[in-house]
Amino acid sequence: MAGITHLKEFQKPALRGLVDFLENEKKDAPSIGDRFLPDDQVYSTTFAYDVIKKTNHIAAMIGYGSEPPVVDRDAVAHKMGEVAKMGLKYIATEEELLALNQARNDGERQAMIERLITKGSDLVQAVQRRVDVAKMEAIAKGKFEYNKNGVKIVVDYGIPAEHKIVLTGDNAWSNPDKDVIGDLIEWDNLYTETNGKQADLILMSRETQALLLKNAVIVNEVAGKDSGRNRVSVDELNSVLGGYGLPPVQVVTHRQITVRNVYTGEDETVEFFPKHRVVFVSEGLGNFLYGPTVENDFQPGIVLEAYDNREPIQSILRVAAAGFPVIEAPSLLLHADVVEE
């Protein structure tokens with residue numbers, strides 16, 4: 001059968017090289033999640049379950065509602081394999097294979113090959129985005145949630161109760177006269193007392209930053225009470241906060257992502273950073289663990305493979321990985337919900 005696997009571009013060394021290139025490209029521009037939950041590798045086939053079983057501060061797996069109960073150890077171990085596994089595929093149709101193998105010249109043939117290579121790159125980058133979302137959910141929510149394919153599981157990483165702050169009523173940051181600087185100083189002191197060090201970064205959304213830019217206390221710090229101004233610039237805000245010795249602020253510009261649900265085929269929006277949450281975080285929080293997969297010759301990491309089918313006639317590009325975010329020091333997170341939703 002004249003599929004794609006006979007072509008050197010779709011054989012194992014070339015596809016491994018493509019994945020390595022995309023991984024190195026991502027390392028050159030690390031995300032927030034990469035900084036605080038860097039990638040690591042383990043070789044246990046039940047690594048995600050082992051994390052749950054051996055880590056005291058992580059809550060038990062939860063099955064609820066009409067979902068299949070996931071409570072006993074054997075069931076949890078089985079389901080965790082599904083939770084940790086990520087995979088997507090692209091099917092090259094018979095028409096695409098005809099176009100490839102009946103190309104009128106080398107240029108036309110190479111263009112079709114490059115089109116399929118681009119599809120493979122898209123698959124790898126889709127898994128990378130899934131990993132980024134999992135990292136940010138762990139950082140910004142303190143939980144890993146999975147609700148797919150009839151399995152509903154929540155892993156709570158056990159952020160200390162005193163590090164979960166909720167502001168309501170006039171005490172919320174939606175009140176333009178609220179002493180937001182006092183709040184940040186108080187949380188900074190609490191974080192430092194718990195961990196013996198300041199946070200490396202304060203994360204917030206654009207919406208939360210917008211409240212600070214119009215906050216009367218901030219405006220008065222910059223311009224004085226009788227200035228007539230009703231807002232400050234981002235640089236002025238950062239200068240004020242820095243003057244109080246607070247950790248630097250980084251704005252999370254994108255709080256959600258649209259991804260394809262591999263079970264339904266439908267696009268879905270995943271919010272990984274709550275709209276009005278302020279997060280104090282430090283390096284040393286944990287890791288994102290990649291575990292072994294059969295597709296990757298029982299090695300950890302992302303793998304891209306190609307194979308041909310005869311019935312129906314298809315060539316398939318498939319990406320796979322197994323991974324799970326692990327928070328080893330939950331006290332290095334502090335969450336403050338500054339507006340009552």
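Just so it is clear, the model here is predicted, and its values are computed rather than measured.

Comments concerning the overall build of the protein chain
Within the protein chain, the secondary structure is distributed over 10 helices and 15 strands. Looking at the protein chain as a whole, 46% of its 341 residues are labelled buried. Within the protein chain, contacts between residues separated by at least 24 positions form 75% of all contacts whose residues are at least 6 apart in sequence. A total accessible area of about 16900 Å² is found for the protein chain, and carbon and sulfur atoms account for 48% of it.

So, the packing of aromatic side chains
One pass over the structure, following the stated rule, counts three aromatic pairs. Seen from their ring centres, tyrosine 191 and phenylalanine 280 are 6.2 Å apart, and the 35 degrees between their planes marks the pair as tilted. Taken together, the residues span a long stretch of sequence, with tyrosine 191 in helix H7 (residues 180-195) and phenylalanine 280 in strand E10 (residues 277-281) at a distance of 89 residues. For the pair formed by tyrosine 191 and phenylalanine 280, the shared burial category is buried. Seen from their ring centres, phenylalanine 288 and tyrosine 290 are 5.2 Å apart, and the 65 degrees between their planes marks the pair as edge-to-face.

Some points on helix H10 (residues 234-243)
At 3.6 residues per turn, the α-helix brings residues three or four places apart onto the same side. Among the residues making up H10, those that are buried are Leu237, Val240 and Leu241. Buried residues in H10, looked at end-on, bunch into an arc of 95 degrees, giving them a common side. In H10, those exposed residues whose orientation departs by more than 90 degrees from the buried face are Asp235, Ser239 and Gly243. Residues of H10 that are buried make contact with H7, helix H8 (206-213), helix H9 (216-223) and strand E7 (249-252). One or two steps after H10, the chain reaches glycine 245, where phi turns positive at roughly 75 degrees.

Topic: the pattern of salt bridges
A complete count under the given rule lists 17 salt bridges for this structure. Note that aspartate 20 is salt-bridged to arginine 16, the shortest N-O span being 3.1 Å. Here the residue aspartate 20 and the residue arginine 16 both occupy positions in helix H1 (residues 12-27), the gap between them amounting to four residues, near one helical turn. Take aspartate 20: its relative accessible area is 35%, and that puts it in the partly exposed class. On the basis of relative accessible area, arginine 16 is assigned to the partly exposed category, the value being 29%. A salt bridge links aspartate 337 to arginine 277; the shortest N-O distance between them is 2.7 Å. With aspartate 337 in strand E15 (residues 333-337) and arginine 277 in strand E10, the pair connects residues that are 60 residues apart, well separated along the chain.

What to know about the nonpolar core
Generally speaking, soluble globular proteins have nonpolar side chains that are buried together. Ranked by internal contacts, the top residues of the largest apolar core, which has 83 residues, are Phe10, Ile139, Trp173, Trp187, Leu203, Phe280 and Val281. A per-element tally of this core places helix H6 (residues 106-141) first, with 13 residues.

A word on unusual backbone geometry
A positive phi is found at aspartate 297, a non-glycine position, where the angle reads about 55 degrees. Residue class for aspartate 297 comes out partly exposed when judged on its relative accessible area of 45%. One non-glycine residue with positive phi stands out, namely phenylalanine 298, at about 65 degrees. By the element assignment, phenylalanine 298 lies in the loop between strand E11 (286-293) and strand E12 (299-300). Judged by its relative accessible area of 56%, phenylalanine 298 falls in the exposed class.

Things to note about the pairing of E15
Counting buried positions over the five residues of E15 gives four, a clear majority of the element. Of the strand pairs in this sheet, strand E5 (residues 164-166) and E15 are connected by three bridges, and their pairing is parallel. Across the sheet, lysine 164 pairs through a bridge with histidine 335, a residue of E15. When E10 meets E15, the two strands line up antiparallel, connected through five bridges. Note that in E15 the partner of arginine 277 across the bridge is aspartate 337.

Some points on the sheet that holds E7
Ordered in space as E5-E15-E10-E6-E7, the five strands form an open sheet in which the pairing is mixed. Every other strand in the sheet has two partners, leaving E5 and E7 as the edge strands with one partner each. Between one strand axis and the next, the sheet turns by 20 degrees as a mean value, whatever way the strands run. Relative to E10, strand E6 (residues 201-205) runs antiparallel, the two being bridged by three bridges.

What about the confidence of the model for the protein chain?
Overall, the predicted model of the protein chain reaches an average pLDDT of 81, with 80% of residues at or above 70. Across residues 55-82, where pLDDT falls below 50, the model places 55 contacts with residues more than four positions away in sequence or in other chains.

Overview of the packing of H9 against H10
Interaxial distance between H9 and H10 falls to 10 Å at its minimum, and their mutual angle equals 90 degrees. Judged on the interaxial angle alone, H10 and H9 are roughly perpendicular. Each of Ile218, Glu221 and Val222 in H9 lies in contact with H10, whose residues at this interface are Glu236, Leu237, Val240 and Leu241. In the contact of H9 with H10, the residues fall into five nonpolar, no polar and two charged.

Scoring rules and cut-offs
- Residues numbered from 1 in each chain as written.
- Predicted model: local features only at pLDDT ≥ 70, side-chain atom pairs only at ≥ 80, totals over all residues.
- Heavy atoms only, no water.
- Helix = DSSP H or I, 4+ residues; strand = E, 2+ residues; numbered from the N terminus.
- Buried < 20%, exposed > 50% of the residue type's maximum accessible area, 1.4 Å probe, protein only.
- Contact = heavy atoms within 4.5 Å.
- Areas by Shrake-Rupley, 256 points an atom, 1.4 Å probe, with all protein chains shown as cover.
- Phe/Tyr/Trp six-rings, centres within 6.5 Å; stacked < 30°, edge-to-face > 60°.
- Arc of directions from axis to C-beta.
- Salt bridge = Lys/Arg side-chain N within 4 Å of Asp/Glu carboxyl O.
- Core = buried A, V, L, I, M, F, W, Y, C linked by side-chain atoms within 4.5 Å.
- Pairing = 2+ DSSP bridges.
- Axes fitted to C-alpha atoms, helices over the stretch in contact; angles between N-to-C directions.
- pLDDT = per-residue confidence, 0-100.
- Parallel < 35°, antiparallel > 145°, perpendicular 65-115°, else oblique.
- Nonpolar A, V, L, I, M, F, W, Y, C, P; charged D, E, K, R; others polar.

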